Structures are given as structure tokens and as C-alpha cells.
Amino acid sequence: MNKSKLIERIAELVNEKIVDDIGDVRDESDRDGMRIVIELKRGAQPEIVLNQLYKHTSMQESFSMIFLAVLNGQPRELGLDQAIQAFIDHRVDVVQRRTVFLLRKAREREHILEGLKIALDNLDTVIKIIRASGSRAEARENLYAWGKGSEIVITLDRTRLPHEEKGLTLRQIDAILELQLYRLTQLSIDELLTELKQVRERIAEYESILASDVKLRAVIVKELEEVRDKYGDARRTQIVDESAELQLEDLIADEQVAVTVSHQGYLKRTPISIYRSQRRGGSGRMGMKTREEDFVSQLIIDSTHAYLLCFTNSGRVYWLKVYEVPDVGAAGKGKSMQSLLDLQQGENVRAILPVRDLEEEGKYIFFATQKGTVKKTPLKDFSNVMARGIIAIGIDKDDELVAARITDGSQLVFLATHLGMAIRFDECDVRSMGRPAYGVRGIALAKNDYVVGTAITPKEHAPGDYRILSVTENGFGKRTDVDQYRLQTRGGKGVKNMAVTPRIGRVNTIQLVDDTSELMVISQFGKIIRCDTKTIRAAGRATQGVRILTLEPDDKVAAAVIIPPEELKDDEPTLLQ
């Protein structure tokens, strides 16, 4: 490759925001060799940047190849085995025709040498005829006539062929007339007889090659070996087994990290080793620096080799490896989800689920949409990773995905609506479906009502372990034990979850909480409050709840999420160890 063009290409990638983790590129080549230094921005993953450079520059080229050849007068596209067979057939044809040619030449030489041998056996008579002739033409005719007589001595050391001409032929006579005097010495006579013997040996060899396919192919093999020994050198191309090819994951350590997701869609990962264990009541440490109107909404602890399944409002799923989430330091803000995923126009992520093994049996993804549709799909159906994403659930144009949860296929599902209704049913009521399926009815909605959230709970649990926290758009909330919602059949209207009035407003969101959960509420005007969910009194289903956040007259609750725990009991290991 051309070094200067490579540097120009890298600069183009940075300017066009195709590779945005490069801070600087320098050419430090000198007389000791070529050297290009690429400085990365803080928190960038070197292996990922290198992979991007392989993909977008000439540092690594991929190309397709076909073997197009003219075979039997027609252009054909050949496979490797077909090409080798065509080459062998060609070599067989070449060697056969070459051997036939050499055989003909050898027989012609044998014929001349036999004529010279006849002349030597009758040397005195031949010299007498030549001296008695007046010209070369007359000598030629006299020798030809003498050769047909009975006085000539012929000892060929072989059996004469039936069609063979008696005596000397004109070609043999011409060779005799051109014979130089020095060839009549004893040494030259011995050389002539030796050559005749060698020519006859070659004739026998050529005939055996033409008569035996095995010998002919042995000649081909021998010649190929000679070419190999003469011109062969060390192979420069490495041929490796595809299964042994080094993948990007092989360059990244498999370790547990903490992935934090902010409410506005910023992601970052941090090695859990930086979170030192502290005693209860400690001040903790900064886990993610956010803007005033933003806050951490999700904490994921998993391996760098795990997948993050990102489900969007339109029902598509995108894959993101944990190691692809930038490591920007403990106090860094992270990178926007829009820059990490190839989202389509109008899409936004509604749920992020960590998964280590996409082929795991007995695991399902449970979906719920605004219009009350639910669906359950086996986790292994999402193992076909594609950068542009795939359909996870079929959704109508006027509907949106609300939530996605990982289940074991036999848990209890809770759905809550904007107008204060809720339904709780057995997950087994929803049969398993493929990815493009639209699902089945989970709850029958009233006019202008829609689903605001879902929760998944096990069938067996102690009383009070799981409570539903409902938050309204006017800043009110209440906690209700999930057991107060009786089990119903999927598709029913459900029961009252919250008494919706103009004062408290309609339900904005629901969360599954326990006694250790903390709540973060943010309003449309950017007003934020964080509180322990235990301070929100437990109440029955049809109650109005208590005020969580005091809002301005025109302000509404934008979101309410359960924030990740930052401190635990003194006798428990920290979640981030």
C-alpha cells in the first residue's frame, strides 16, 4: 500500500465521523523503517479502532475471485478441482503430442544412421561407385540401383518391417554422399554405432510412454517436480483454517464490567475493579457524570463478551457487544446510543437486555406494546446478529413497543395502563411465537387508554417481596403488593390499579420494587427528585397515593425509574465487586 494515501484515508475517516475515536495521526517514518502513530481519544478501545481501520482502509483487503478459463473452446467458470483436472488433461495432451513428435524425429534419425551403417559395412563398394560416377546425381542413381541388387550387405540388428523399402532409400543415400571423410575413422564409427543404440533406446521409451497411461502420468509428475525444485520458493500467502481465524473478541479480555445507561440514552462501561468495596453509609464514588436533566437509569453487570439486546419502539432489535460500549472513565458521560447503533429514522431504544449466550435453551423474550399486545419469543431466535438490526416483533403503525423482559417461560406478567387499569396473568397463557409475529391480546383497553409498563414476577415468592410502584403524570405515587392483583386470563379488561383523578393525573409509569429500591423522578421542565421507595406508603389497588414531586401547574412527569443501588448493607458484597 502507499503510506501517504493510507494516512490521507485515515484522516478522511476521522473528518467524515466514520471513525471518531482517533485524536491524531503522525508519520514518524525514518531511515530505520516506516512508522505511523495513531493517537486515540480517551476511553477508546484500540482493538475496535484497529478493526475499523482494517474495514475502511487498504490495511486489509477482501475480494472475491472466480476461475474463468477457456475450456474446449468455450469460456467456463471452474472450481478448484475442475481447474486442476483441466490442467492435468492439458498436460496429458501436451506430453502425448510431444512424445509422438520426438518418436517421429527419433525414427527419422534411426533411418539415417542405419543408412550410414550400411555404407560402412560396404565401404569399398560405395567408394568405388562414387568414384566411377560423373556427378553427384549420377552417383545418387548408381547407389540407389546398387542398393536394390543382391551384392549389398545389410546387418541392421533388427527385423525388417513388412512395408520397409529394400536396400537404400534416397534419404539414406543423400546422408552417405554428405558423409565427411573423418567419419570413416574407427572412433567416429564407434560413435555412430553408439548413437544408433541410444536412438533405438529412446524410440523404445517413447513407444512405452504412448502405450501406458501410467508411464505418461509419471512423466507429468516428474516434470512438475523438476519445476518445483527449480523455481519453488517459500509460500508467502498464509492459508489458515477459518475456525482458527483470530476474531476481535480474542483480543479483548473476558472480564466483568459495569455498563451504565442514562435516561437520555448515553452508555459507558467501567471495569468493576475501580469500584472499591466500602462500608455501609459511605459516600460512594461518581459512577457517571450526567447533565442536570439526565440521570443513570440502568446498571448492567456482565462480561465484556456479552451481548446487549437493544429493542426499539418500532419492534426492531439491535446487537451491541459490551466491549463496544466505550470505556470513558468512572466520571465520564459516555457515548450516545444513536452513535453506537445503526438506528432507523424515528427509532429510539425502549429496552436493553444483557445476554451472554444467545443460544441458551429455556429462555424467552417477553414483549408488551402500547395497544395491549403481548408476545413471547425464544431467545435463540435472536442469535442471527446483524448490524442493521432485525424485526423482533411485528407492530402496527399506530402502536409502539413499551417493554421487553427476559423470562423462563413460566412466570407471572403484570401490565398497567395509562387510565389506571392493570392485569396480571400467567405467562404460560402466551404461546411461543416467531420473531415476525404480532402477538396476542394481553389486556383489553378502554378508548384512549394504552399500556405504560410491564413487570415480570416469579410464581413463588414471600408476601411483600414484590410491589408495584405506580407514578402519575402529576407527581403522585403508591406502592401495592403484587398479590393484591388477582390472577386473570390473558386478554381481559383487568382490575383498577390506581384511582385516576384530575388532581393526581393519569398513570405515567410503573416499576417493580422491593424494600431496597430507590426512585428517580424527572419532570418535563427538568425538575428531579430522588427518594427511597419505602417512604412512599404502601396502599391498596384503588387508592390515589401520595405526592412524590411537587410540580408547576403546566409541568408533568417525564419519567420515573428505579436507579441502580450505590450502597449496600455492611454484611453484603457490593454489586460492583
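Note that this is a predicted model, so its numbers are computed, not measured.

Draft legend 1. Spotlight on the packing of helix 3 (residues 80–121) against helix 7 (residues 186–211). Where helix 3 meets helix 7, the closest approach of the two axes is 9 Å, and the angle between their N-to-C directions is 150°. Looking at the two axes, helix 3 sits roughly antiparallel to helix 7. Handedness of the crossing formed by helix 3 with helix 7: left-handed. Of the residues that constitute the contact of helix 3 with helix 7, the class distribution is 16 nonpolar, two polar and eight charged.

Draft legend 2. How the structure looks around empty space enclosed by the protein. According to the stated counting rule, one finds one cavity of 30 Å³ or more in the structure shown. Within this model, the largest cavity holds a volume of roughly 50 Å³. Forming the walls of the largest cavity are His111, Ile118, Leu156, Arg160, Glu164, Glu165, Gly167, Thr169 and Gln172.

Draft legend 3. A look at the confidence of the model for the chain. Averaged over every residue, the pLDDT of the chain is 85; the share at 70 or more is 91%. Looking over the chain, one finds the lowest element-wise mean pLDDT in strand 7 (residues 296–303), namely 81, and the highest in strand 12 (residues 364–369), namely 95. This stretch, residues 276–289, has a pLDDT under 50; its non-local contacts, to residues over four places away or in other chains, come to 31 contacts. Counted against residues more than four places away or in other chains, residues 567–577, with its pLDDT under 50, gives 20 contacts.

Draft legend 4. Quick look at unusual backbone geometry. If you check the backbone angles, Lys17 has positive phi at about 65° while not being a glycine. Assignment of secondary structure puts Lys17 in the loop between helix 1 (3–15) and strand 1 (22–27). With relative accessibility at 61%, the residue Lys17 sits in the exposed group.

Draft legend 5. Here's a closer look at the nonpolar core. Core analysis: the largest hydrophobic core is formed by 26 residues, its most contacted members being Leu113, Leu116, Val126, Leu143, Trp146, Leu168 and Ile176. For this core, the elements supplying multiple residues, two or more each, are helix 3, helix 4 (123–132), helix 5 (136–147), helix 6 (170–177) and helix 7. Per element, the largest residue contribution to this core is eight residues, and it comes from helix 3. Beyond its immediate stretch of four places on either side in the chain, Val126 contacts Ala119, Leu143, Trp146 and Ile176.

Draft legend 6. Main features of helix 6. For helix 6, the complete set of buried residues consists of Gln172, Ile173, Ala175, Ile176 and Leu177. The inward-facing, buried residues of helix 6 abut helix 3, helix 4 and helix 5.

Draft legend 7. Examining the pairing of strand 4 (residues 74–78) more closely. Two strands pair when backbone bridges link them, and strand 3 (residues 67–71) and strand 4 are joined in this way by five bridges, in the antiparallel orientation. Each bridged residue has a counterpart across the sheet, and for Phe67 the counterpart in strand 4 is Leu78. The antiparallel pairing of strand 3 with strand 4 creates a hairpin that spans two residues between the two strands, and Asn72 there sits at a positive phi of about 55°.

Draft legend 8. Summary view of the packing of aromatic side chains. Under the criterion given, the structure shown has four aromatic pairs. The interplanar angle of 75° and the centroid separation of 4.7 Å between the aromatic rings of Phe414 and Tyr485 together place this pair among those described as edge-to-face. Of this pair, Phe414 sits in strand 16 (residues 412–417) while Tyr485 sits in the loop between strand 21 (476–481) and strand 22 (487–488); the two residues are 71 residues apart in sequence, bridging distant segments of the chain. For the pair Phe414 and Tyr485, a shared accessibility class is recorded, and that class is buried. Here the aromatic cluster, defined as three or more aromatic residues joined through ring pairs, consists of Phe311, Phe367 and Phe382. When the ring centre of Tyr307 is taken as origin, the NZ or CZ atom of Lys321, which lies over that ring, is 3.8 Å away. A cation over a ring is seen here: Lys376 above Tyr364, with NZ or CZ 5.1 Å from the ring centre.

Draft legend 9. Local environment of the sheet that holds strand 28 (residues 557–563). Read from one edge to the other, the open sheet built from three strands follows the order 26-25-28, with strand pairing classed as antiparallel. One side of each edge strand has no neighbouring strand; the edge strands of this open sheet are strand 26 (528–532) and strand 28. Here the strands of the sheet are splayed against their neighbours by 20° on average, with no regard to which way each runs. Taken together, the six bridges between strand 25 (residues 518–523) and strand 28 define a ladder with antiparallel strand orientation. If you follow Ser523 over to strand 28, its bridge partner there is Val557.

Scoring rules and cut-offs
- Residues numbered from 1 in each chain as written.
- Predicted model: local features only at pLDDT ≥ 70, side-chain atom pairs only at ≥ 80, totals over all residues.
- Heavy atoms only, no water.
- Axes fitted to C-alpha atoms, helices over the stretch in contact; angles between N-to-C directions.
- Helix = DSSP H or I, 4+ residues; strand = E, 2+ residues; numbered from the N terminus.
- Parallel < 35°, antiparallel > 145°, perpendicular 65-115°, else oblique.
- Left-handed = near helix turned anticlockwise from the far one by under 90°.
- Nonpolar A, V, L, I, M, F, W, Y, C, P; charged D, E, K, R; others polar.
- 1 Å grid on protein atoms, 1.4 Å probe; cavity = no way out; pocket = protein on both sides within 12 Å on 5 of 7 lines; lining within 4 Å.
- Points joined across faces, edges and corners; volume = space filled by probe spheres on them.
- pLDDT = per-residue confidence, 0-100.
- Contact = heavy atoms within 4.5 Å.
- Buried < 20%, exposed > 50% of the residue type's maximum accessible area, 1.4 Å probe, protein only.
- Core = buried A, V, L, I, M, F, W, Y, C linked by side-chain atoms within 4.5 Å.
- Pairing = 2+ DSSP bridges.
- Phe/Tyr/Trp six-rings, centres within 6.5 Å; stacked < 30°, edge-to-face > 60°.
- Lys NZ or Arg CZ within 6 Å of the ring centre and 35° of its normal.

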